[in-house]
Amino acid sequence: AAPAEKVPARSPPVMPPFEHRPRPYAGWSGDEILAKRKQFLGSSVFYYYQKPLNIVEGKMQYLYDENGKRYLDCFGGIVTVSCGHCHPDIVNAVVEQTKLLQHTTTIYLNQPIVEFAEALASKMPGNLKVVYFVNSGTEANELAMLMARLYSGNLNMIALRNAYHGGSAGTIGLTGLQTWKYPIPQGEIHHVMNPDPYRGTFGSDAIAYAKEVEEQINYGTSGRVAGFIAETFQGVGGAVELAPGYLKLAYDTVRKAGGVCIADEVQSGFGRTGSHYWGFQTQDVIPDIVTMAKGIGNGLPLGAVVTTPEIANVLAQKIQFNTFGGNPVCSVGGLAVLKVLDKEKRQAHCADVGSHLVNRLKELQQKHEIIGDVRGRGLMLGVELVTDRKEKTPAKAETNLLFEKLKDLNILVGKGGLHGNVFRIKPPMCFTRDDADYLVDAMDYAMSGL
Ligand code: PLP
């Protein structure tokens, strides 16, 4: 049961002003939607709040519910809204293209898909120059796994425990979280320890974790593998930044065993970490295959796989086709995202606001025992809550209570981690220092009432 609430003594913080008035809402009420949703929507949907929110409008870092109540969106539609809700440049690009040509596939020539592929390739280091467009992160990882297996002529994949790579029959195997697993064949996938500096057995010792990759290859396979996949910042798994230096060691080991290295950038790409454009660059590695989705389209259904010409060549023997992947509307949207991120210098902005927010969260940690760990960089942050700092006992009930309280204070954060006790803070990248201050003040206020 949730602990009893104490009333905090001081007055709640005041939200920063924002010039946007939501339109009057005349649609179905949340109660009506919920009733129909229960009847008609697949049973695997889950609700984030005790009383689910009916979100009807979005503007940059803010969302509005059916009553016009404004929320500071600190989760960006699960790290998907990169530039801001309904960013005008992206809306305009999409609307104009929709009027002109909504759909054609790669069986014809069309400028947007190629222009977008070129722009995306220009953002990649090394020889990562060939782009495949798909519709989601799951599809991207599915294709990456296929490439790795074809290229290496081997089936064994290595993935990290605590990872989330998708929900298809193939990617469920890569995902290393029990909640998302179904009892279906997982096929030649080996999970190694995730190098989690806070909870992991070896702390920040990247060498010890990388040794486990070697051992898994030695004892769990014939000595050869197809590939290794990892998020640099485990997202669903609770905003875990991998121990520094880990990927370099793991990549070396995997390559020696004939495998290719896949970076899942579905959450961490496009400058969100502040220090680099891609998450893997924080570990000073260049993968052989990079998968991306979410932020690439600011909410449009879009994903991509980028690889080297050599690896791409293995798919040339057969037809690789995706009906919607890179359709003109999503392509102009994705291109607009890249332009906005550059024009508005969002990477530098994430670095600035992110460091301010981390400093303030660390101050908060001094004040509230319940904050066990503050981690991440840029606008890719996690706050892990514990009832006992030494034992690191997950504060599950308190997390749920605070989560609801923050919503009442007009703040939406993400929740995650193995124990569901991590606040994931990954807002649209237009999030400001004032927003960060409001978030921290609201957390302070809510935690003072515990
Ligand atoms: N990879 C990562 C790191 C993710 O966080 C997700 C989704 O949360 C996926 C892959 C799957 O993406 P999608 O939901 O677009 O299929």
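An unreviewed UniProt entry lists the protein under the name alanine--glyoxylate transaminase, with Oryza nivara given as the organism. Under the UniProt heading Sequence similarities (unreviewed entry), the note attached to the protein is "Belongs to the class-III pyridoxal-phosphate-dependent aminotransferase family."

## Some remarks on the overall build of the protein
Secondary structure assignment for the protein yields 13 helices and 18 strands. Here the C-alpha atoms of the protein give a radius of gyration of 22 Å, agreeing with the 22 Å that 2.2 N^0.38 yields for 450 residues. Along the longest, intermediate and shortest principal axes, the C-alpha atoms of the protein span 65 × 60 × 45 Å. Here the protein holds 450 residues, and 49% of them are scored as buried. Counted over contacts in the protein with a minimum sequence separation of 6, partners at least 24 positions apart contribute 75%.

## Digging into the site of the ligand
Taken together, 15 residues are adjacent to the ligand, and S136, G137, T138, G166 and V266 come closest. Residue contributions to the shell around the ligand peak at three residues, all from helix α5 (residues 137-152). For the shell around the ligand, a count of residues per class yields five nonpolar, eight polar and two charged.

## Comments concerning the sheet that holds strand β16 (residues 411-412)
Across a sheet, paired strands are connected by hydrogen bonds in the backbone, their directions being either parallel or antiparallel. Spatially, four strands are ordered β1-β2-β3-β16 in an open sheet, and the strand pairing comes out mixed. In this open sheet, the two strands that pair with only one neighbour each are β1 (55-59) and β16.

## Some points on the nonpolar core
In terms of nonpolar packing, the biggest core is built from 120 residues, with A148 and A304 touching the most fellow members. Broken down by element, this core gets its largest block of residues, eight residues, from helix α10 (residues 328-343). When near neighbours in sequence (up to four residues on either side) are disregarded, A148 contacts M157, A226, G227, G259, V260, I262 and I289.

## Side note on unusual backbone geometry
Here the phi dihedral of M60 falls at roughly 50°; this positive angle occurs in a residue that is not glycine. With respect to the helices and strands, M60 occurs in the loop between β1 and β2 (62-65).

## Some thoughts on the packing of helix α12 (residues 396-408) against helix α13 (residues 433-448)
At a minimum axis separation of 10 Å, α12 and α13 run at an interaxial angle of 130°. Comparing their axes, α13 and α12 come out oblique. Crossing of α12 over α13 shows right-handed handedness. Across from L402, K405 and L406 in α12, the residues of α13 making contact are A442, M443, A446 and M447. When the residues that make up the contact of α12 with α13 are grouped by side-chain class, the tally is six nonpolar, no polar and one charged.

## Here's the deal with the environment of V94
Turning to its location among the elements, V94 is positioned in helix α3 (residues 88-100). On the basis of neighbour counts, which here come to 20 C-beta atoms within 10 Å, the residue V94 falls in the buried class. Separated by 232 residues in the primary sequence, V94 and G326 have C-alpha atoms spaced 13 Å apart.

## A look at the packing of helix α4 (residues 111-121) against α10
Contact pair α4 / α10: the axes reach a minimum separation of 8 Å and the direction vectors enclose 30°. Two packed elements cross with a definite hand, and for α4 against α10 that hand is left-handed. Residues P112, I113, E115, F116 and A119 of α4 form the contact with α10, whose participating residues are P328, S331, V332, G334, L335 and L338. Grouping the amino acids of the contact of α4 with α10 by side-chain chemistry returns eight nonpolar, two polar and one charged.

## A few points about the sheet that holds strand β4 (residues 130-134)
Spatial ordering of the open sheet is given by β4-β12-β11-β10-β7-β5-β6, a layout of seven strands whose pairing is mixed. Two strands close off the open sheet at either side, each with one partner strand: β4 and β6 (189-192). Each neighbouring strand pair of the sheet contributes to a mean axis angle of 20°, computed without reference to strand direction. The pairing of strand β7 (residues 227-230) with strand β10 (residues 260-264) spans four bridges and is classified as parallel. Residue pairing for β10: A230 is matched across the bridge by A263. Lying over the sheet, α4 contacts β4 and β12 (303-307), oriented at roughly 120° with respect to β4. Packing of helix α8 (residues 246-256) onto the sheet brings it into contact with β5 (157-160), β7 and β10, and relative to β7 it is tilted by some 160°.

The rules behind each value
- Residues numbered from 1 in each chain as written.
- Predicted model: local features only at pLDDT ≥ 70, side-chain atom pairs only at ≥ 80, totals over all residues.
- UniProt positions renumbered as here; feature names shortened; annotations may be inferred.
- Helix = DSSP H or I, 4+ residues; strand = E, 2+ residues; numbered from the N terminus.
- Rg over C-alpha atoms; globule rule 2.2 N^0.38 Å.
- Buried ≥ 20, exposed ≤ 12 C-beta atoms within 10 Å, placed from the backbone.
- Contact = placed C-beta atoms within 7 Å.
- Near = placed C-beta within 6 Å.
- Nonpolar A, V, L, I, M, F, W, Y, C, P; charged D, E, K, R; others polar.
- Pairing = 2+ DSSP bridges.
- Core = buried A, V, L, I, M, F, W, Y, C linked by C-beta atoms within 7 Å.
- Axes fitted to C-alpha atoms, helices over the stretch in contact; angles between N-to-C directions.
- Parallel < 35°, antiparallel > 145°, perpendicular 65-115°, else oblique.
- Left-handed = near helix turned anticlockwise from the far one by under 90°.

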